[in-house]
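Structural characterization, general
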Amino acid sequence: MKFAVIVFPGSNCDRDMYYAAKDALGAEAELVWYQTANLENYDAILIPGGFSYGDYLRTGAIASTSHIVNEIKQQAERGTPVLGVCNGFQILLEAGLLPGAMLRNKNLKFMCHFEELIVENSNTMFTSAYESKQMISLPIAHGEGNYYCDDATLDQLKENNQIVFTYASNPNGSINDIAGIINEAGNVLGMMPHPERAVESLLGSADGLELFKSVLNNWRETYVAGA
Ligand SMILES: NC(=O)CC[C@H](N)C(=O)O
């Protein structure tokens, strides 16, 4: 299985994401510069965190207009798994691949520490290696992680089980403690906490590795005979 790690000007978690997929998980992975036109040869797309285009305008807004996002949309429509972490989540929101928007953290401060999360939906291609309602520990690192959506969207997210992760102790003001959501089709996940920074105990937690394992297991079950 081959992962693409998309690199925008200002991405800064691309190497961590690459390490998670290649070294911690043991899959194939490539860093893919945002001007690359074609993502057909990859089985999953990872959009890492950072400060694409310096977070100017709104976080993720400028990156969301780049050509590669159209390519990501096309691959997403074909069912390719797409994971956006932190700035990657912000880009997915700005691109309209996920509903809602990101506001500044309620305390208006950049926050960088571990948070306890609850796996609300373990029945996705990104979370099948977790137990339902499992508590996991992942780091956050953001200034704009206060997820917001209108009531109708929130009702839809709840009804379709699209809320995948919540914070046990909401650090940023996100509506309904939301830390990560998935699209209706179940192949595009956006989350503010960083699973790629928690893939071995030396990093403070290995809980993020299960997310990458879930994607790999799902791919094997779908494409590898006898898996
Ligand atoms: N780690 C990150 O991806 C940073 C996210 C974003 N630029 C923010 O501060 O909100």
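Remember, it's a predicted structure, so these values are computed and weren't measured experimentally. (Residues numbered from 1 in each chain as written. Predicted model: local features only at pLDDT ≥ 70, side-chain atom pairs only at ≥ 80, totals over all residues. Heavy atoms only, no water.)

Let us look at helix H2 (residues 67–77). The complete set of buried residues in H2 reads Ile68, Val69, Glu71, Ile72, Gln75 and Ala76. End-on view of H2: buried residues confined to an arc of 155 degrees, all on one side of the axis. Residues of H2 that are buried sit in contact with strand S1 (2–7), strand S2 (28–33), strand S3 (44–47), strand S4 (82–85), helix H3 (87–94) and strand S11 (188–191). One or two residues past the end of H2 sits Gly79, with phi positive at roughly 100 degrees. (Buried < 20%, exposed > 50% of the residue type's maximum accessible area, 1.4 Å probe, protein only. Helix = DSSP H or I, 4+ residues; strand = E, 2+ residues; numbered from the N terminus. Arc of directions from axis to C-beta. Contact = heavy atoms within 4.5 Å.)

With that settled, the discussion passes to the site of the ligand. Close to the ligand lie 13 residues, the nearest being Gly50, Asp55, Cys86, Ala141 and Glu144. Interatomic distance of 3.1 Å between a backbone N/O atom of Asn87 and an oxygen atom of the ligand. Protein contact buries 97% of the 300 Å² of open area that the ligand shows by itself. Only H3 and strand S7 (135–142) provide two or more residues apiece to the shell around the ligand. Looking at side-chain class alone, the shell around the ligand contains 4 nonpolar, 7 polar and 2 charged residues. (Near = heavy atom within 4 Å. Polar contact = N/O pair within 3.5 Å; in protein donor to acceptor, adjacent residues only side chain to side chain. Areas by Shrake-Rupley, 256 points an atom, 1.4 Å probe, with all protein chains shown as cover. Nonpolar A, V, L, I, M, F, W, Y, C, P; charged D, E, K, R; others polar.)

Right, let's get into the confidence of the model for the protein. The predicted coordinates should not be examined in detail at positions where pLDDT is low. Here the protein shows a mean pLDDT of 97. Residues at 70 or above account for 100%. Interface confidence in the predicted complex, given as ipTM, is 0.94; pTM for the same model is 0.97. (pLDDT = per-residue confidence, 0-100.)

The residue Asp55 is not glycine, and still its phi comes out positive at about 60 degrees. Judged by its relative accessible area of 22%, Asp55 is partly exposed. A positive phi angle, near 60 degrees, is found at Asn161, a position not held by glycine. As for its position among the elements, Asn161 is in the loop between helix H4 (151–159) and strand S9 (163–167). The partly exposed category is assigned to Asn161, whose relative accessible area is 47%.

Moving on to the environment of Ile91. Take Ile91: it is sitting in helix H3. Looking at Ile91, the relative accessible area reads 2%, which means it is buried. Each C-alpha atom of the pair Ile91 and Ser64 lies 5.4 Å from the other, and the pair is 27 residues apart in sequence. Each residue touching Ile91, except ones within four places of it in the same chain, is listed here: Phe8, Ile47, Ser52, Gly60, Ala63, Ser64 and Val69.

Here we come to the sheet that holds S9. Strand order across the open sheet formed by 9 strands is S2-S1-S3-S4-S11-S10-S9-S6-S7, with mixed pairing between neighbours. Single-partner strands in this sheet number two, and they are S2 and S7. This sheet shows a mean twist of 25 degrees between the axes of neighbouring strands, independent of strand direction. Bridge count between strand S6 (residues 111–119) and S9: 3 bridges; the pairing is antiparallel. (Pairing = 2+ DSSP bridges. Axes fitted to C-alpha atoms, helices over the stretch in contact; angles between N-to-C directions.)

Glancing now at the side chain of Ser122. As for its position among the elements, Ser122 is in the loop between S6 and S7. Overall, Ser122 belongs to the buried group, its relative accessible area being 18%. A distance of 3.3 Å separates a polar side-chain atom of Ser122 from the backbone nitrogen of Ser132. If sequence neighbours within four positions are ignored, Ser122 has contacts with Thr127, Ser128, Tyr130, Glu131 and Ser132.

Attention now goes to the packing of aromatic side chains. Summed over all chains, the structure comprises 7 aromatic pairs. For the pair Phe8 and Tyr34, a centre-to-centre distance of 6.0 Å together with 40 degrees between the ring planes defines the contact as tilted. In this pair, Phe8 is assigned in the loop between S1 and helix H1 (14–24) and Tyr34 in the loop between S2 and S3, connecting sequence segments 26 residues apart. For the pair formed by Phe8 and Tyr34, the shared burial category is buried. Geometrically, the ring pair formed by Phe51 and Phe110 is stacked, given 6.2 Å between the ring centres and 25 degrees between the ring planes. With Phe51 in the loop between S3 and H2 and Phe110 in the loop between strand S5 (101–103) and S6, the pair connects residues that are 59 residues apart, well separated along the chain. (Phe/Tyr/Trp six-rings, centres within 6.5 Å; stacked < 30°, edge-to-face > 60°.)

Grouped together as the largest cluster of nonpolar side chains are 71 residues, with contacts concentrated most on Phe3, Ile6, Leu83, Tyr147 and Phe165. Among the elements that take part in this core, helix H5 (residues 209–223) stands out by supplying 6 residues, more than any other. (Core = buried A, V, L, I, M, F, W, Y, C linked by side-chain atoms within 4.5 Å.)

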